[in-house]
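# Structural overview for review
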Amino acid sequence: MRQHQETGEAMDGDQPALTNHRYGTGRSDKNASHERNRLDSIQRNVDSHTISIIRGLPITSSWHCLELGAGAGSIAYWLADRCPDGRVVAADIDVRHLDASRASNLVVQEADISHRDYAPGSFDLIHARYLLCHLLTRDEIVARAAQWLAPGGWLVIEDPYQLPASTSPFPLVQRLMAAYERKYNERGADLTWARTVPALLARHGLRDVGFSGKPGCMGCLDKDRWFPLINQVGPSLVADGLITERDLSQFFELLNDPTFVDIPQITISTWGRRPPEDPGSPSLA
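Computed from a prediction, not measured in an experiment: that's the story for all the values here.

## Focus: unusual backbone geometry
Non-glycine residue Tyr130 carries a positive phi angle of around 55°. By secondary structure assignment, the location of Tyr130 is in the loop between β5 (123-129) and α4 (138-148). Phi at Asp208 takes a positive value of approximately 50°, unusual for a residue other than glycine. With respect to the helices and strands, the residue Asp208 is situated in strand β7 (residues 207-219).

This is how it looks when you write it as structure tokens:
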């Protein structure tokens, strides 16, 4: 397959990508100098869990895969290696961290998934991680993604379920996480939406729905992924008066305390399968 990078070009009869709308996290966040560190920290801490979920599916070398919100590309690259006879589309609104040269069966596509559409039956696997909870049209995107699946194809969605800030044993974390959730809610995010996803997949006709959870660790020193995240969003929390500069500096000190361990959220991974076609139905292959 020809190796290339797409930037809003239509493919396989799809609608052209639209890039005027920005995800709920904001394009300004994507331009922040710490964005790559944030993406790398997610990959270090969550990739093994994500891969274990996908390995549990009947994946074959010929699968066509769509990675929504591909970020820095680790899962897209893994899928391209695992499906050498298929194709992997790595779609993101910001593709600067993606390398189309990593595999000949990899397509890097700049796309706003809030408006992008794909032909029905295009993919054997669609995966989205830490993306849909930030989008206002998340339920509608799930409904469309279910149609993008080929018969027997799988949709896998992973998003955080934020635990109540007030239940943290650390008053500082209570203040910080309450501010964090408020900030993201104002942008249209829903950090508890992940709980609704299993029912949502079933409602849109997917079968064999399953789910699992991975607790997120705050603290744990080198296992921690909260430093780059709060380092990026923290200044805006201070600017909005949601926390103080002292709160922010004390939090970074707390992260270096070997006795500090907290569980701010749980990543809920949910998957479901489009039923195979009836024997008499035409093939979409």
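## With respect to the state of the cysteines
Inspection of every chain in the model, using the stated rule, returns zero disulfides. There is no disulfide at Cys65, and the cysteine sulfur nearest it, in Cys83, is 4.0 Å away. For Cys65, a relative accessible area of 0% corresponds to the buried category.

## Observations regarding the packing of helix α2 (residues 35-55) against helix α3 (residues 74-82)
Following both chains from N to C, one finds α2 and α3 inclined at 35°, their axes separated by 10 Å at the closest point. The crossing of α2 and α3 is right-handed. The segment α2 lies against α3, with Gln43, Asp47, Thr50, Ile51, Ile54 and Arg55 engaging Ser74, Ile75, Trp78 and Leu79. Classifying every residue of the contact of α2 with α3 by side-chain character gives five nonpolar, three polar and two charged.

## Some points on the pairing of strand β8 (residues 261-273)
Among the 13 residues of β8, 10 are classified as buried, and the element is accordingly described as predominantly covered. Relative to β8, β7 runs antiparallel, the two being bridged by 10 bridges. Counterpart to Ser212 in the pairing with β8 is Ser269.

## Section: helix α5 (residues 171-186)
Compared with the 22 Å implied by 1.5 Å per residue over 16 residues, the 23 Å span of α5 between its first and last C-alpha is a close match. Among the residues making up α5, those that are buried are Leu172, Val173, Leu176, Met177, Ala179, Tyr180, Glu181, Lys183 and Tyr184. Residues of α5 that are buried make contact with β6 (149-162), β7, α7 (226-239), α8 (245-255) and β8.

## A word on the packing of aromatic side chains
Counted under the stated rule, the structure contains seven aromatic pairs. Aromatic pair Tyr180 and Trp226: ring centres 5.8 Å apart, planes at 65°, arrangement edge-to-face. With a gap of 46 residues between them, Tyr180 in helix α5 and Trp226 in helix α7 connect regions that are remote in the sequence. Across the pair, Trp226 and Tyr180 agree in class, each one buried. The positively charged end of Arg102 is found above the aromatic ring belonging to Tyr77, 4.0 Å away from the centroid.

## Some details on the environment of Gln109
Residue placement: Gln109 occurs in strand β4 (residues 106-110). Along the chain, Gln109 and Val95 lie 14 residues apart, while their C-alpha atoms are 7.3 Å from each other.

## Description of the side chain of Arg38
Examined against the element boundaries, Arg38 turns out to sit in helix α2. Of the residues examined, Arg38 reaches a relative accessible area of 18% and is grouped as buried. Among the polar contacts made by the side chain of Arg38, one reaches the side chain of Glu35 at a distance of 2.9 Å.

## Considering the environment of Gly188
By secondary structure assignment, the location of Gly188 is in the loop between α5 and α6 (197-203). Once the C-alpha coordinates of Gly188 and Cys133 are considered, the two residues, 55 residues apart in sequence, prove to be 8.7 Å apart.

## Section: the pattern of salt bridges
Under the counting rule described, the total for this entry stands at 10 salt bridges. Here Arg144 and Glu140 are joined by a salt bridge, their closest N and O atoms 2.6 Å apart. Placement of the pair is Arg144 and Glu140 together in helix α4, with a separation of four residues, close to one helical turn. Given the relative accessible area of 38%, Glu140 is considered partly exposed. Of the charged contacts, one joins Arg175 and Asp247 as a salt bridge, the two residues approaching to 3.0 Å between their closest N and O atoms. With Arg175 in helix α5 and Asp247 in helix α8, this residue pair connects regions lying 72 residues apart in the sequence. Taken together, the shared-partner salt bridges connect Asp117, Glu140 and Arg144 into one network.

Rules of the game
- Residues numbered from 1 in each chain as written.
- Predicted model: local features only at pLDDT ≥ 70, side-chain atom pairs only at ≥ 80, totals over all residues.
- Heavy atoms only, no water.
- Helix = DSSP H or I, 4+ residues; strand = E, 2+ residues; numbered from the N terminus.
- Disulfide = S-S within 2.5 Å.
- Buried < 20%, exposed > 50% of the residue type's maximum accessible area, 1.4 Å probe, protein only.
- Axes fitted to C-alpha atoms, helices over the stretch in contact; angles between N-to-C directions.
- Left-handed = near helix turned anticlockwise from the far one by under 90°.
- Contact = heavy atoms within 4.5 Å.
- Nonpolar A, V, L, I, M, F, W, Y, C, P; charged D, E, K, R; others polar.
- Pairing = 2+ DSSP bridges.
- Expected span 1.5 Å × (residues − 1).
- Phe/Tyr/Trp six-rings, centres within 6.5 Å; stacked < 30°, edge-to-face > 60°.
- Lys NZ or Arg CZ within 6 Å of the ring centre and 35° of its normal.
- Polar contact = N/O pair within 3.5 Å; in protein donor to acceptor, adjacent residues only side chain to side chain.
- Salt bridge = Lys/Arg side-chain N within 4 Å of Asp/Glu carboxyl O.

Function cannot be inferred from these measures alone, as they are strictly geometric.
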